[in-house]
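# A closer look at the structure
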Amino acid sequence: MAAKRRTDEMRDRVVLGEFGVRNVHTTDFPGNYPGYEDAWDQRRFEEEFRVDVIREEEGTLEFDMVGIDAAIANAFRRILLAEVPTMAVEKVFVYNNTSIVQDEILAHRLGLIPIRADPRLFEYRNQGDEEGTEIDTLQFQLKIKCSRNPQAAKESSDPNELYFNHKVYSKHMTWVPLGNQTDLFPDADFRPVHDDILIALLRPGQEIDVLMHCVKGIGKDHAKFSPVATASYRLLPDITLLQPVEDEAAELLQKCFSPGVIEIQNIKGKKVARVANARLDTFSREVFRHEGLKNLVRLARVRNHYIFSVESTGILPPDVLVSEAIKILMGKCQRFLNELDSVPME
Amino acid sequence: MPEQVDVPEGGCGLVGSARWSRPPWQDLGCHGEKSPCWSRFDGRTCDPVGDLRWSSSGRTEACESSCWRSSWRTVSCEWDPTVEQGKSVRSPPPEDEEAAETTCDELGATPILPPPVLLVKGLVKQHIDSFNYFINVEIKKIMKANEKVTSDADPMWYLKYLNIYVGTPDVEESFNVTRPVSPHECRLRDMTYSAPITVDIEYTRGSQRIIRNALPIGRMPIMLRSSNCVLTGKTPAEFAKLNECPLDPGGYFIVKGVEKVILIQEQLSKNRIIVEADRKGTVGASVTSSTHEKKSRTNLIVKQGRFYLRHNTLSEDIPIAIIFKKCNIRAKFTKRESVKITNLPDTDMGLLLALLVLHAMGVESDQEIVQMIGTEEHVMAAFAPSLEECQKAQIFTQMQALKYIGNKVRRQRMWGGPKKTKMEEARELLASTILTHVLVKEFNFRAKCIYTAVMVRRVILAQGENKVDDRDYYGNKRLELAGQGNWSLKRFKMDRQGVTQVLSRLSYISALGMMTRISSQFEKTRKVSGPRSLQPSQWGMLCPSDTPEGEACGLVKNLALMTHITTDMEDGPIIKLASNLGVEDVNLLCGEELSYPNVFLVFLNGNILGVIRDHQKLVNTFRIMRRAGYINEFVSISTNLSDRCVYISSDGGRLCRPYIIVKKQKPAVTNKHMEELAQGYRNFEDFLHEGLVEYLDVNEENDCNIALYEHTINKDTTHLEIEPFTLLGVCAGLIPYPHHNQSPRNTYQCAMGKQAMGTIGYNQRNRIDTLMYLLAYPQKPMVKTKTIELIDFEKLPAGQNATVAVMSYSGYDIEDALVLNKASLDRGFGRCLVYKNAKCTLKRYTNQTFDKVMGPMLDAATRKPIWRHEILDADGICSPEDAFLIKMLLRQTRRPEIGDKFSSRHGQKGVCGLIVPQEDMPFCDTGICPDIIMNPHGFPSRMTVGKLIELLAGKAGVLDGRFHYGTAFGGSKVKDVCEDLIRHGYNYLGKDYVTSGITGEPLEAYIYFGPVYYQKLKHMVLDKMHARARGPRAVLTRQPTEGRSRDGGLRLGEMERDCLIGYGASMLLLERLMISSDAFEVDVCGQCGLLGYSGWCHYCKSSCHVSSLRIPYACKLLFQELQSMNIIPRLKLAKYNE
């Protein structure tokens, strides 16, 4: 019995020790454990696999993905970071830039500004294609000149009052339709996601006049194409009290975890600690610093329970990003299968 | 948030500092009022506005847009998993003041003078003060010393300089039209920032006396921010108008457009007796005398128990007694005749005798000599042989002595002038050249005699007891600055090289570091440890960490933060004061008093002032008067009990620094004072004048009992350190937690900080330097130090806060290599700009031709510009009309690549070994992935614990949205910092649970993870990579050229050659050494073995034995060169198959 429990733990839990993490690797391969049926089974997978959306706010999405292998979960994360396409400024045509921001730096900054444009509406630009067309390019213009405010109070030293247009924001970028784009996207509003990204500072007489070409690209190529601020996952915490913890020890224990993880109940006049919500814990592993407590608790994580967190840059909503990522993975699989099929069997 | 961009954080700090620090030196005036807001000035003229904003707001921007999806930027916003992101992102970092307060609290009761106070003197104030002193005071003294010009031809004629002035910098635009210049104009136009020197003179024309005023006699380069510089007293806004950076320290010159610094030179004190043992262990004394007129070095040596005087104007050593013979006679005071019988062999003695103005003969004189030197048994015994020697030489009178010396004088007769007898010559020499600094009036050698006697006595006392002076002791050193005659002077036959250096503008720190650099006169090549090793008296004066490695190690040093170098001061009032305090003039004494056990000699700047009975009282009263402001605060007084001397110093070049005075076991500076200081009611000057704080030089410091912290004060304590961290210099001050590092690491960082790129000044974009490296997004460090605040490193930073994971990854991180995150690079990490310039001068030639700027050349057929000129505008360059000098600035933007060098602030440098896409990077629970992965093997052998703590403090700071301090001997405590980590749900040790980005599974180890400030160093592969297949060859040897700049070959050196020999790879060897290098076909005559030509042997006049073979050209060259020296190398040829 105990042996089975140990095996189960090895299979399902990543254990956080004081000095290191144990059972890191997935080991439930077919035949690896006697008495376990580990061969992949569609029906069982469908039973066990589930996705629960925990939190969906503007730009961020937290969902649980349960019953899946690390490799697959990681693939989603990697695809989100690097392979879901977006539109970003790729070419900057500088007609005039008398600001102190060097042309290259200006171009770099413009490139990093997320552009609200659904990449699914566009094609990738062909390699070596210098001129953009309406199907693969969005054109923006940034034309701004700083001037003095004649109405400004004489003794003022506040640049906001002294000058007009001395801060160049992303809101100053305007979409210039290419070809028949006005007809293609009759109610489109292509613009930077945020209006208040500071691009440059100007002083009277200085001027920026640039034209930008946005193209479709992926994060692997350059981070500016990445659709997420970050996408990552963590495993669901699993905290077990090995012995009852009472009174002072209980209070101490409570302090060793993130708020809400340990709850103290009053049972027969005794304060007894109980794990209320392990999910909230951030694994500061504070318990291990208390000689008296460290052997009373087992810190572990559920191996196949992934808590995903996707923070979009705002170009696409995070749920769309996730489904795009899934589509991309499916596409890859399909291509792989096709490749396999196309190889003549011997 | 936008507001933050507007007001650079620095603004307020500066105002404050100006208010607090108005030094008395202000009349020489270097720091004027500073206005609060750099941002106030007009933007048209000044890119810097923007530029400085950028630098200070790099982080701000990051916060402004969540779109900046960087991992490295996320560091600043997303550490806290519990706080909602938006909020944490937008919370601005706490005000600097607030942070400062916190640290104040930490350090407890020790009164801490806030930053401005420490910098009252400014970082480069030594240079500026010295130069100010030179152009305002010293130059007039030099003129006074040489004021009269007379003529031998016409004795009635004379020319006299009445006054001399140095004006303000200007340029001569056209004939007789001048206009003031700004330093920046000089830099851009390759001009010298110099001012005219004008004099008032008086001369005779016939019997008339004519006075002419304001005659220009030359030009003087003007030190920036000195009293005559246009920048003095300007506000930051005015600085901006002049295209200057208000943070630039000044203190350098601009010569032909190049910024030059005169390094501080370290020298042995002038006019001080230094007793030391030579290589054989014999003790001697030497004095380097220096006055405005003359410089000379006098040695007192011992040979076979006898004392001799050695001087380079004397052809041989002179017995000391002879010298005395001359000096000792009190011509003016006694009528007694003394008969001296002394030996002549030694020149010194003779000299002395010669000085006797009376007929010095007999017992009395000898007695007098002995009296002066000392009447103790052993002293007399030691001196007796010298007297004997004098006698042997048959020198008894002054005349004889003078004659003797006269014969030994090295002849360097000047042309003209009345002929002098040898005796006169000797007398002259003794009076003016030997021990010049001891004044001799009307050939009254009394003072000089006593001085010589003291020297002899010192040597006698030092013998046996080995009480020699320490040459390396900093009380015996003087630092020479720009104003102190550092450059070559024909008058003194001095010509020193390498005194000025081009100011390194690689980074702000390198410029600052150069201004505090001290170079020693010591030869670099000699392998001695003494002058190179750390001297205890350097404590607090010179930085213990900042010295280069290699040959100049320990010889080049840097000033500590609060060190000040004195300038010369009037000694007249001090002499008066001393005599009022009971110092008796030596000239009135018989000489024997000098050796009384309770009598102390009083020296002023190396000269004997007199004697005092109650030295304790003298010293105490003197100090009280100094604290009360009756004496200049830089006059020092100290007692030397073993030599029974009181030394008063008012000369220039002494190292000194401020201390808090402790009275009755309580520091004079109280919290109330500190409050008033903070509120601006008082300034540091007031502290000085009220006797709360005083400057001590090295000698006086040694005479005091100084407590390091307030709680260590005991009943003997006289002073309290202001702040322990000020014992470090500018460069070492950047290191967080340096007291936790192994000391060489701090030294390495000091060297490396100077190579870090970042910002160099607010005017960086207006400069056209030959080479300039800038960082695209510099950041201020998360873990800062007090020094960083003091020197405004935060406003001109050189580095970025990188999230570092200490783990091994991929194997591309061995040997200190770093793994970088590609996404971080995409987002701007380590991105830098390289500026180079190209210059062109338009010349006019003698044949009436001249250079002219043209538009592009047009192709004859197409009427279009030829392709090389396509880029040019129609006019070739904008408005070239009058242009004479044309400078072009070329720019290149670089993102880090494999092989680029990075370093943390702990002497841990490494090159980038691999660039990894973000998705492959490990990430922690909150989704953060590192910018840099560093191999943990970098730690055990380097023992840079400071870096570990920096990471912890940085992580805690980033979570709390504040900066932590890593100030030396203080700073945020590890315990507190770790508590902060726990509070935010992180591990106490800073080790995080991390998931592999490649497998998606957790890593077995917890990873030490957090932000560390990383510097990008100037060494980049792009500038170094080099390969060649074929290419240029050297003319002489026909071997490939050397070096990347000449597109040279890669050398297969001796050791590589050895390997090939060992391996037996003879054909490879042949190929590398000859065929691919300088193979050459020669015709050799088999008969005579000489080289022939075209199959013909010119020696044998035959072609029958000539065969052709391939040898290295260098070999052929050698043969021919040998032949030219009458050596015939003959080749013996044989068929290889025979």
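Residues numbered from 1 in each chain as written. Chains lettered and ligands numbered in written order. Predicted model: local features only at pLDDT ≥ 70, side-chain atom pairs only at ≥ 80, totals over all residues. Heavy atoms only, no water.

As recorded in an unreviewed UniProt entry, chain B goes by DNA-directed RNA polymerase subunit beta and comes from Limosa lapponica baueri. You can read under Sequence similarities (unreviewed entry) in the UniProt record for chain B the words "Belongs to the RNA polymerase beta chain family." (UniProt positions renumbered as here; feature names shortened; annotations may be inferred.)

Looking up chain A in an unreviewed UniProt entry gives the name DNA-directed RNA polymerases I and III subunit RPAC1, with the organism given as Limosa lapponica baueri. Under the heading Sequence similarities (unreviewed entry), UniProt records this for chain A: "Belongs to the archaeal Rpo3/eukaryotic RPB3 RNA polymerase subunit family."

## Some details on the interface of chain B and chain A
Of the residues lining the interface, 68 residues belong to chain B; the matching set on chain A comes to 70 residues. Buried area between chain B and chain A, summed over both chains or domains, comes out near 5,700 Å², and the portion from carbon and sulfur atoms is 49%. Across the chain B-chain A interface, the total number found is three salt bridges. At the junction of chain B with chain A, the criterion picks out 26 residue pairs in polar contact (both at pLDDT 80 or more). Counting only elements with at least two residues in the side of chain B that touches chain A, the list comes to α1 (2-6), α3 (47-64), α5 (85-90), α26 (822-826), β34 (832-841), β35 (885-894) and β41 (991-992) of chain B. Tallying contributions element by element places α3 of chain B first for the side of chain B that touches chain A, with eight residues. For the side of chain B that touches chain A, the per-class residue count stands at 23 nonpolar, 19 polar and 26 charged. (Contact = heavy atoms within 4.5 Å. Buried area = accessible area lost by both parts, 1.4 Å probe. Salt bridge = Lys/Arg side-chain N within 4 Å of Asp/Glu carboxyl O. Polar contact = N/O pair within 3.5 Å; in protein donor to acceptor, adjacent residues only side chain to side chain. Helix = DSSP H or I, 4+ residues; strand = E, 2+ residues; numbered from the N terminus. Nonpolar A, V, L, I, M, F, W, Y, C, P; charged D, E, K, R; others polar.)

## Observations concerning helix α28 (residues 974-983) of chain B
All names here are of chain B. The set of residues buried in α28 consists of V977, C978, D980, L981 and I982. Its buried side turned inward, α28 meets α27 (945-960) and β40 (964-965). Trailing α28 by a residue or two, G985 shows a phi angle of about 80°, which is positive. (Buried < 20%, exposed > 50% of the residue type's maximum accessible area, 1.4 Å probe, protein only.)

## A closer look at the sheet that holds β35 of chain B
If you walk across this open sheet you meet the three strands as β30-β34-β35 (chain B), and the pairing is antiparallel. Of all the strands in the sheet, the pair left with one neighbour each is β30 (771-775) and β35 of chain B. Here the average twist between neighbouring strands, direction ignored, is 20°. Sheet topology places β30 of chain B next to β34 of chain B; five bridges connect them, and they run antiparallel. Considered in β34 of chain B, the bridge of L774 of chain B is made with L833 of chain B. Strands β34 and β35 of chain B of the sheet are contacted by helix α4 (residues 103-111) of chain A, whose axis makes an angle of about 25° with β35 of chain B. (Pairing = 2+ DSSP bridges. Axes fitted to C-alpha atoms, helices over the stretch in contact; angles between N-to-C directions.)

## Considering the nonpolar core
In summary, soluble globular proteins display a tendency toward joint burial of nonpolar side chains. Counting 99 residues, the largest nonpolar core has L253, F257, L299 and Y306 of chain A together with Y1014 of chain B as the members making the most contacts within it. Not counting residues within four places of it along the chain, the set of residues in contact with L299 of chain A comprises V14, V15, L16, D238, I239, F257, F283, R285, V287 and F288 of chain A. One finds F239, I254, L728 and A756 of chain B within the second-largest nonpolar core, a separate group that totals 69 residues. (Core = buried A, V, L, I, M, F, W, Y, C linked by side-chain atoms within 4.5 Å.)

## A short note on the pattern of salt bridges
Under the criterion given, the structure shown has 75 salt bridges over all chains. When the shortest N-O distance is used, the salt bridge between K220 of chain A and E83 of chain A registers 3.9 Å. Within this pair, whereas K220 of chain A is found in the loop between β14 (207-217) and β15 (228-241), its partner E83 of chain A is found in the loop between α3 (70-82) and β5 (86-97), the two being separated by 137 residues in sequence. Given the relative accessible area of 45%, K220 of chain A is considered partly exposed. A salt bridge links K795 of chain B to D792 of chain B; its shortest N-O distance comes to 3.0 Å. Each of the two residues, K795 of chain B as well as D792 of chain B, counts as buried. What you see here is one network of salt bridges that share partners, running through R187, E244, D248, E259, R505, R767 and D769 of chain B.

## Focus on the packing of helix α14 (residues 377-392) of chain B against helix α17 (residues 446-462) of chain B
Residue and element names in this part refer to chain B. Here α14 crosses α17 at 110°, and the two axes come no closer than 10 Å. Between α14 and α17, the angle falls in the class roughly perpendicular. Residues H378, V379, A382 and F383 of α14 pack against V456, R457, I460 and L461 of α17. Here the contact of α14 with α17 is built from residues that sort into six nonpolar, one polar and one charged. (Parallel < 35°, antiparallel > 145°, perpendicular 65-115°, else oblique.)

## Section: unusual backbone geometry
Residues and elements named next belong to chain B. With phi around 50°, K664 is a residue other than glycine that occupies positive phi space. Looking at the element boundaries, K664 is found in the loop between β25 (655-663) and β26 (666-667). In this structure, D792 is a non-glycine residue whose phi angle is positive, near 60°. Its location among the elements puts D792 in the loop between α25 (786-790) and β32 (800-806).

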